[in-house]
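Structural features, examined
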Amino acid sequence: PDAAALLYRRMAALGLSRSDVERAALGLMRDLERTCSCCNHKGVCEKDLATRPEDATWESYCPNAISLDSVAGTKGRFPA
């Protein structure tokens, strides 16, 4: 049940909500959760979130990095 917990923590670190993601693209949240739950870098991700959440290193191993960066870049451009 917590397979995508790191995704939610990363989103919080980026200042993103589920609503932000869904406003950017319908169904994207489900895709991000699925990708996160199957990721092989959970240990590194968890450590990075705990020790240095603002460091952009996560973008080099996270399969959701491009999507999350895109959502962050469009945050506030869509009506609530």
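Just above sits the structure.
For the structure given in this document, a descriptive report is provided here.

The rules we used
Residues numbered from 1 in each chain as written. Predicted model: local features only at pLDDT ≥ 70, side-chain atom pairs only at ≥ 80, totals over all residues. Heavy atoms only, no water. Salt bridge = Lys/Arg side-chain N within 4 Å of Asp/Glu carboxyl O. Helix = DSSP H or I, 4+ residues; strand = E, 2+ residues; numbered from the N terminus. Buried < 20%, exposed > 50% of the residue type's maximum accessible area, 1.4 Å probe, protein only. Contact = heavy atoms within 4.5 Å. Arc of directions from axis to C-beta.

This structure, assessed with the given rule, holds 6 salt bridges. Lys75 is the partner of Asp20 in a salt bridge, and the nearest nitrogen-oxygen pair spans 3.5 Å. With Asp20 in helix α2 (residues 18-24) and Lys75 in the segment after α5 (65-74), this residue pair connects regions lying 55 residues apart in the sequence. Between Arg52 and Asp48 there is a salt bridge whose closest N-O contact spans 3.0 Å. The network of salt bridges with common partners includes Asp20, Arg23 and Lys75.

A residue is classified by how much of its surface remains accessible, and Asp20, at 11% relative accessible area, is buried. Distance from Asp20 to Ala72, taken between C-alpha atoms, is 8.2 Å for residues 52 residues apart in sequence. The contacts of Asp20, once residues within four sequence positions are left out, are Gly15, Val71 and Lys75.

Further remarks concern helix α1 (residues 5-14). Along α1, the residues classified as buried are Leu6, Leu7, Arg10 and Met11. For α1, the arc enclosing every buried residue in end-on projection is 140°, short of the 170-degree limit, so these residues lie on one face. Close packing links the buried residues of α1 with α2, α3 (28-37), α4 (42-51) and α5. Gly15, located one to two residues past α1, shows a positive phi value of around 75°.

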